[in-house]
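Notes for the structure review
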Amino acid sequence: MDYINPMNKTVLVTGSSGLVGSECVRYFASKGWQVHGIDNNLRQQFFGKDGDTTPNRERLKSLPVESYDYDIREPLSVRLVVESVRPDLVLHCAAQPSHDFATANPRLDFEVNALGTLNVLEATREYAPDAVFCFCSTNKVYGDAPNRRLLKELPTRYDFDDSHGILPEIPEDMNGFDERWDIDQSRHSLFGASKVAADIMVQEYGHTYGMKTGCFRCGCLTGSAHAGTEQHGFLAYLAKCVKEGRPYRVYGYKGKQVRDQLHAADVASAFEAFAENPRPGEVYNLGGGRENSISVLEAIDALERATGKRLEWEYVEQARGGDHIVYISDCTKFRTHYPSWKVTRSLQDIIAELAAPR
């Protein structure tokens, strides 16, 4: 494929070998952008062999991307890249993404998620102040407040219960959770807390400096590029366990906890939509929505059927701290602002992709 850049536009992607970052590299390279990526494979340090993103980096070598083996915790390294590249678009996808890892390593978690984000923001403000800045935030900024929703138990999942009304302070919307939810007075986990710090900072750089920043509070993101581990990457790790015959542990809520799934390629197209018409300091919930929602039990069944293999799994009564029982993203706000964006990968597409041999 010949890559042509008629717009002469440049994008800088942090975490460029990770799930979202690598999909962004592929997506924007296919659109003719000049792509630069920062990634030093910290995910392997976080999670061991399962978290190694080297295979993604090797696959990206076929694309016209300039890669930098730098650490976003080092402000000088980040400044050197941004000063050299002067990007038109910054996609900040690098993160420490695990509740459990953050509990055991609070300083490292905060340095990556909060201080790393500050380093990227400051370098952008200094050397590329007109760039659009998209931050990959998380639904965990809402803490466990979503667990206040009244729920009903179904055979394979929990779901919202509207039969008895809901608490008056909670927005009534069966489609899922929108941006009106409070991020205060709830149990976040230390991971959620560090992402709150980064999320608010990204917003303030838009409000204070007029930078074209946007926060995307994502639900479960997935795809075959995910280096799934037990600590992070539920659906990709589950698929790995089914295919490889590994034992799997289900933590709490009878395995009926629900997440909506969004393929990382659809995150990349959301970033593109925002870049074309940025709204400084804006916040969006982003996910696959109710149509792409699935419980752990349902996911086990779907992947067993897709692979023809049985999973050996055990149940652990204690749920992870700050974890959600049901989280489904309501993307109404983003769809209203950017009506051309849509989810292109169905849940069935995602299951088939994860079940396929690699």
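To keep things clear, this report deals only with the structure shown in the data block. (Residues numbered from 1 in each chain as written. Predicted model: local features only at pLDDT ≥ 70, side-chain atom pairs only at ≥ 80, totals over all residues. Heavy atoms only, no water.)

1. So, the pattern of salt bridges
What counts, and what does not: In the sections that follow, a salt bridge refers to a side-chain nitrogen of Lys or Arg positioned within 4 Å of a carboxyl oxygen of Asp or Glu. Exposure classes here rest on a 1.4 Å probe applied to the protein chains alone. A residue is buried below 20% of its type maximum, exposed above 50%, and partly exposed in between. Helix and strand definitions here come from DSSP, where helices need a minimum of 4 consecutive H or I residues and strands a minimum of 2 consecutive E residues; each element is numbered from the N-terminal end.
Taken as a whole and judged by the stated rule, the model has 23 salt bridges. With its nearest N and O atoms 3.1 Å apart, the salt bridge here joins Lys61 to Glu58. Residue class for Lys61 comes out exposed when judged on its relative accessible area of 57%. The class for Glu58 is partly exposed, based on a relative accessible area of 43%. The partner of Glu230 in a salt bridge is Arg249, with the nearest N and O atoms 2.9 Å apart. Taken together, the residues Glu230 in the loop between strand 9 (220–222) and helix 8 (234–244) and Arg249 in strand 10 (residues 248–251) connect sequence positions 19 residues apart. Residue Arg249 is classed as partly exposed on the basis of its relative accessible area, which comes to 34%. Salt bridges sharing common partners tie together Asp50, Lys240, Glu244 and Arg246.

2. Observations regarding unusual backbone geometry
Phi is positive for Arg86, which is not a glycine, with a value near 50 degrees. As for its position among the elements, Arg86 is in the loop between helix 4 (75–85) and strand 4 (89–92). By relative accessible area, Arg86 is classed as partly exposed at 44%. Of note in the backbone geometry, Gln185 takes a positive phi value of approximately 55 degrees without being a glycine.

3. Description of the sheet that holds strand 1 (residues 10–14)
Using the following cut-off: In this description, strands pair whenever DSSP reports at least two bridges between them. Here, axes are lines fitted to C-alpha atoms. For helices the fit covers the stretch in contact, and angles between N-to-C directions go from 0 to 180 degrees. Every residue pair with non-hydrogen atoms within 4.5 Å of one another is taken to be in contact.
Taken in spatial order, the 7 strands line up as 3-2-1-4-5-8-12 in an open sheet, and their pairing is parallel. Edge strands, defined here as strands with exactly one partner in the open sheet, are strand 3 (65–68) and strand 12 (282–286). Adjacent strand axes in the sheet meet at a mean angle of 20 degrees, parallel and antiparallel pairs treated alike. Here strand 4 runs beside strand 5 (residues 132–138); their pairing, made up of 4 bridges, is parallel. Within strand 5, the residue paired with Leu89 across the bridge is Val132. Docked against the sheet, helix 6 (residues 106–127) engages strand 1, strand 4, strand 5 and strand 8 (212–218), running at close to 175 degrees with respect to strand 4.

4. Focus on the packing of helix 8 against helix 10 (residues 296–307)
Inclusion rule: What sets the label is the angle itself: under 35 degrees gives roughly parallel, over 145 gives roughly antiparallel, 65 to 115 gives roughly perpendicular, and the rest give oblique. Helix crossings fall into two classes, left-handed where the near helix is turned counterclockwise from the far one by less than a right angle and right-handed where it is turned clockwise.
At their nearest, the axes of helix 8 and helix 10 sit 10 Å apart, and the two run at 45 degrees to each other. Relative to helix 10, helix 8 is oriented oblique. Pair helix 8 / helix 10 crosses with right-handed handedness. The segment helix 8 lies against helix 10, with Phe234, Leu235, Leu238, Ala239, Val242 and Lys243 engaging Val296, Ala299, Ile300, Leu303, Glu304 and Thr307.

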